Amino acid sequence: MASSHSSSPVPHPSSGGSEGIFRKDKDPSSRHYRPVHSLPDVCPKEPTGEAALVLCEGPSVVADQHRWTVYNSKVNLPAALNDPRLAKRESDFFTKTWGLDFAETEVMPSFYLPNITKEHFGPYLQETAQREKIHERCKSICSNKDELDHTYYLVLDSKINIWLKQIFMKPDFALDDPTTFNAVLPWSHFNSAGGKSSRDMASSRLLQEKLSHYLDVVEVSIARQISLRSEAFFHAMSSQHELQDRLTETARAVAVLRGRAAAIERIMCEGPLRALRQALTRSNCARLHNKLKLMAAVHQSQPTVQLLLSTSEFVGALELIATTKEVLQLELQGIHSFRHLGSQLCEMEKLIDKMMVGDFSMYSRSDLNRSLEDDGQVMEKDRLESLVFGLLRQRKLDFLDIYSDEMILAAKSIVTQTVVDSVLADQMRLMTFPQWFELLKSVFENFILFLKRIKVTLSVVRNVVLEVLDSNQKSRLLERAAAGGLTEAPGTPLNQEEAELAYLTHEGLFISDALNDAQLHLGASTGQEQSSTVGPRQALSRMDGCGSDSASGTTESSSSREHAFLPGGAAISSNEDMMPSDLELGRVANNIQELLYTASDVSHDRCVKVLMARAKDGSLERLSSAEFVFLSQAVEGFVRDTEKLCCRRSVSLRGALQSQANRFVHRFHEERKTKLSLLLDNERWKQAEVPAEFQDLVNSIADGRITLPERKPQGTEERKPSDYLHIDGQKYAVVGTVLLLIRIFLEYCQCVNDIPSISTDMLTRLSDLLKHFNSRSCQLVLGAGALQVVGLKTITTKNLALASRCLQLVVHYIPVIRAHFETKLAPKQYSVLRHFDHITKDYNDHIAEISAKLMAIMDSLFEKVLSKYEVKAPVPSACFRNVCKQMAKMHEALYELLPEEQAQMLFLRINASFKMHLKRQLARLGVHHDGGPQHGLVTVDVAFYTENVQSLRALEKLDLNMAEIWEQKR
């Protein structure tokens, strides 16, 4: 046994094979098996492992427990070899510590053995060097033989245990099952193709040995388990007799106790229990009498409901039906005579629902279609509140849809009736604007009254909804307070003794009556809340006692909460299951507000139809600015009133007005653009007289009043017109078209003042108008279009100067117009003002082109005249006389039209052109500044030219610098 712990099987080198590699012996007789390992045992005294194989041969602890055995020894060979107190195990067996007192001594070398050195092993090492290398390589690849062997057996044991558990330990193990049979005898290892071979024979022997080994493992395990539990078996047998004695004593004690209990029951309990049962029988009879009275009251419920319906007391009828149904469900369930009463009450309830819906529809129709001249009070307020409460109680939450439909029909009839009262519908388009405007204001007034009536009615409905919601919340608060304040109120559990007594003494059908009676008895002193609670039975009892007068009493209880207790002690409410939840009531309240919004939208939509009916033939587009302003103000006033009344900003009427405003602006612009085009096509581009009213107009603009002045009476003194338009100290010679253009853009500004909402559109149209004037005037004057359109013979310098001056007048007023529109626009709309910058640039470019045209006229004249100039007598020459004559004509044409500064600048440019052409001609003629005769003649002509130019008005101080005509000598 000791050797099994201290050594391991040593492999031997095989005889065959020249490489000398150690191989495992293949002889079956010399095969070594590792001991079978099992699970850890609960008894540490018993041997485990390999010792279990020889358990049957060694001494038994169970059989020889009173005599000394080897297991009683304190020190044995395995214990010595496995001493846990030693640091390590020595490799030499003879130097091992033996016991606690053993001392290790050094072994002396033998005198009979020679001294062996390393040289003695030289030949052997040379012979085995190659095999050692192979061995080391295999050693580095493969693990230690002992570890492999130990791992192999562990895996083998685990595989065996798993295999045994999966096959032999199954509860349904049967070898006649093919699957089990094949698992036990794996025939797949055998060759089934032909006859028996040596391989099949080896597999058969291996299978036989394997099964034999499994059998040994099972036998050893069974023996070990029996030996481990033998002590428990003997202990159980020794305890059996003691257990039998105790059972006998217990049976005698139980018999004595049962006899005493029977005597106590016979002597002390039978009489009191009989008295209690008789009292309970009396209580049951009283309860039966009360139920019969309750049945009589229920029997009278249907006639009472009919009586309530005859007086339109829908709420009272519904309360009575709900109470009766609750009594049938809680108190009279299973009564054969009332088996159809529940369905009859449900049908009556459905009938009441239909009646309430029809009555509400009739009320809504009559309220909305009554005369608008009546006072603003709610019609039959009590009836409306009763209907609304009944509909809420029955969860008919769609009653607002009925009111909405009736409201839409009433809105249509309002427009129709208003038109009929004023004029026939087919004649509405033939009305003048004042007549139609009065009709529109009547429609607006009627719809304001209509919305006020709707708001008052919906306020009553909303108050009812909020009252129900508040009642629900208060009821819940009271219930929570009552539940928290009652410590022994009805519903408090009884103690164990009272509950057992009530159960034992109970006889009858109602099992919970005893418990309820005890609870009511205990809570009598603290049951104040119970006295204020009206149950369904008490309600019906009052109804039976009051007869037909109970209708009013039932109606009064419509806002109360009626509770009844189920046999299990749970409380239910007859109204809480029917009334809408807080969330639903909140939605109804929101829908009421939405209905008011809808009324505002419907009113606006009907007014839009009235507006569109007038606009079909373009009547609204042909309104004057003042008339359209009246219409806009009336619509805005109606919109503000509805917003204040309904707290709703409806956009349909404003949108329709904006659409008409866009059409009005388009028509307004097209009329004035057409008018301006006609004026320009008929303009002869001659200076026009300026009437006094136009001078007053520009004066008012200068004072900051960007608007059309009021027309003065006919009897005022007439003033003579002037030749010029005086603005900021300057004189403007203009044509008649420009005077009318000033009035036109003032009309645009006036329209923006009246209707600020169209400022952006009007600015765009005014920009287009100014561009049209600029482009058309350019075509007629610079482009000489007036020759064909008006029939002018030629475009003179006076026409060009007049056109330039008119353009300068428009440019003067563009900043004024821009500033005015800027006050009417929102800051985010300022980007549209850039149109005025573009227009100003276009006008200035046009003015510059006219100046260039005037220069081109004189330049061509100088080139033509001076090309024929010859330096000879007489002086001044005819050429210079002609030039001075043309310069005088130009000055005469421009002096009265252009300002002095512009005239001086223009003549300076003309003089520069003259000097350029004269210098070129002198160079061609070869005349130099040398003091010769020709130089003297030219000097006389130049002096004549200078004298004539400086004699013209406003040109006296003009520096002509005529010395530039001579080329400088290099």
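Everything below is about the structure shown above.
Residues numbered from 1 in each chain as written. Predicted model: local features only at pLDDT ≥ 70, side-chain atom pairs only at ≥ 80, totals over all residues. Heavy atoms only, no water.

### Observations regarding the overall build of the protein
When its secondary structure is counted, the protein shows 30 helices and six strands. Buried residues in the protein amount to 35% of all 970 residues. Relative to all contacts within the protein whose residues are 6 or more apart in sequence, the contacts with residues 24 or more apart total 78%. Here the protein has roughly 59500 Å² of accessible surface; of this, 56% comes from carbon and sulfur atoms. (Helix = DSSP H or I, 4+ residues; strand = E, 2+ residues; numbered from the N terminus. Buried < 20%, exposed > 50% of the residue type's maximum accessible area, 1.4 Å probe, protein only. Contact = heavy atoms within 4.5 Å. Areas by Shrake-Rupley, 256 points an atom, 1.4 Å probe, with all protein chains shown as cover.)

### Some points on the nonpolar core
Of all hydrophobic cores here, the largest spans 191 residues; its most connected members are Phe450, Ile742, Phe821 and Tyr945. Ranked by residues supplied to this core, first place goes to helix 13 (residues 433–485) with 19 residues. Once residues lying within four places of it in the same chain are set aside, the contact partners of phenylalanine 821 are Cys749, Val752, Ser759, Met762, Leu763, Leu766, Leu833 and Phe836. (Core = buried A, V, L, I, M, F, W, Y, C linked by side-chain atoms within 4.5 Å.)

### Here's the deal with the packing of helix 27 (residues 834–866) against helix 28 (residues 878–895)
Orientation of helix 27 relative to helix 28, taken along the N-to-C sense of each, is 165°, at an axis distance of 10 Å. Comparing their axes, helix 28 and helix 27 come out roughly antiparallel. The two elements helix 27 and helix 28 cross, and the hand of that crossing is right-handed. Side by side, helix 27 and helix 28 meet where Leu854, Met858, Leu861, Phe862, Val865 and Leu866 of the first sit next to Cys879, Asn882, Val883, Gln886, Met887, Met890 and Leu894 of the second. Grouping the amino acids of the contact of helix 27 with helix 28 by side-chain chemistry returns eleven nonpolar, two polar and no charged. (Axes fitted to C-alpha atoms, helices over the stretch in contact; angles between N-to-C directions. Parallel < 35°, antiparallel > 145°, perpendicular 65-115°, else oblique. Left-handed = near helix turned anticlockwise from the far one by under 90°. Nonpolar A, V, L, I, M, F, W, Y, C, P; charged D, E, K, R; others polar.)

### Digging into unusual backbone geometry
That bond from alanine 873 to proline 874 is cis: its omega, 0°, falls within 30 degrees of zero. Mapped onto the elements, proline 874 comes out in the loop between helix 27 and helix 28. Residue proline 876 is bonded to the preceding valine 875 through a cis peptide linkage, with omega at -5°. Position of proline 876 among the secondary structure elements: in the loop between helix 27 and helix 28. Even without being a glycine, cysteine 647 presents a positive backbone phi close to 55°.

### Examining helix 23 (residues 736–754)
Helical periodicity: at 3.6 residues per turn, an α-helix aligns residues three or four positions apart in one direction. In this model, helix 23 (19 residues) spans 27 Å end to end at C-alpha, consistent with the 27 Å of a helix rising 1.5 Å per residue. Here helix 23 lies mainly inside the structure; 14 of its 19 residues are buried. (Expected span 1.5 Å × (residues − 1).)

### Some details on the pattern of salt bridges
Opposite charge on two side chains permits them to pair, given that their charged atoms come into close proximity. Applying the stated criterion to the full structure yields 28 salt bridges. A salt bridge links glutamate 349 to lysine 325; the nearest nitrogen and oxygen atoms lie 3.2 Å apart. With glutamate 349 in helix 10 (residues 341–369) and lysine 325 in helix 9 (residues 314–330), the pair connects residues that are 24 residues apart, well separated along the chain. A salt bridge links aspartate 582 to arginine 476, with the nearest nitrogen and oxygen atoms 2.2 Å apart. With aspartate 582 in helix 19 (residues 582–615) and arginine 476 in helix 13, this pair connects stretches of sequence that are 106 residues apart. For aspartate 582, a relative accessible area of 26% translates into the label partly exposed. Using a relative accessible area of 29% as the deciding quantity, one classes arginine 476 as partly exposed. Linked by salt bridges that have partners in common, Glu636, Glu643, Arg649 and Arg654 make up one network. (Salt bridge = Lys/Arg side-chain N within 4 Å of Asp/Glu carboxyl O.)

### Quick look at helix 28
When the terminal C-alpha atoms of helix 28 are compared, their 25 Å separation across 18 residues agrees well with the 26 Å that a helix rising 1.5 Å per residue should span. Taken together, the buried positions of helix 28 are Cys879, Phe880, Val883, Cys884, Met887, Met890, His891, Ala893 and Leu894. Where helix 28 is buried, its residues touch helix 26 (797–824), helix 27, helix 29 (900–925) and helix 30 (933–950).

### Points about the side chain of arginine 453
With respect to the helices, strands and loops of the structure, arginine 453 is situated in helix 13. Despite being buried, arginine 453 has no salt bridge partner; aspartate 367 is the closest side chain of opposite charge, sitting 4.9 Å away. In terms of polar contacts, arginine 453 uses its side chain to reach the backbone carbonyl oxygen of aspartate 367, at 3.3 Å. Every residue in contact with arginine 453, bar those within four places of it in the chain, is listed here: Asp367, Leu368, Arg370, Ser371, Leu372 and Asp374. (Lys, Arg positive; Asp, Glu negative; His and termini not counted. Polar contact = N/O pair within 3.5 Å; in protein donor to acceptor, adjacent residues only side chain to side chain.)

### A look at the packing of helix 22 (residues 692–702) against helix 23
Pairs of packed helices are described in terms of their axes, by the angle between the two and the distance that separates them. Look at helix 22 against helix 23: their axes get within 11 Å of each other, and the N-to-C directions meet at 45°. Classified by the angle between their axes, helix 22 and helix 23 sit oblique to one another. Judged by the sense of rotation from one axis to the other, the crossing of helix 22 with helix 23 is left-handed. Contacts between helix 22 and helix 23 involve Phe694, Leu697, Val698 and Ile701 from the former and Leu739, Leu740, Ile742, Arg743 and Leu746 from the latter. Per-class residue counts for the contact of helix 22 with helix 23 are eight nonpolar, no polar and one charged.

### Quick look at the packing of aromatic side chains
Counted under the stated rule, the structure contains 14 aromatic pairs. When the ring of phenylalanine 447 is compared with that of phenylalanine 450, the centres are 6.3 Å apart and the planes differ by 80°; the resulting orientation is edge-to-face. Taken as a pair, phenylalanine 447 and phenylalanine 450 lie in helix 13 at a separation of three residues, close to a single helical turn. Look at tyrosine 869 and phenylalanine 880: their rings are 5.2 Å apart centre to centre, the planes differ by 65°, and that puts the pair in the edge-to-face class. (Phe/Tyr/Trp six-rings, centres within 6.5 Å; stacked < 30°, edge-to-face > 60°.)

### Topic: the state of the cysteines
Summed over all chains, the structure comprises zero disulfides. Its sulfur unpaired, cysteine 646 is 7.7 Å from the next cysteine sulfur, which belongs to cysteine 647. (Disulfide = S-S within 2.5 Å.)

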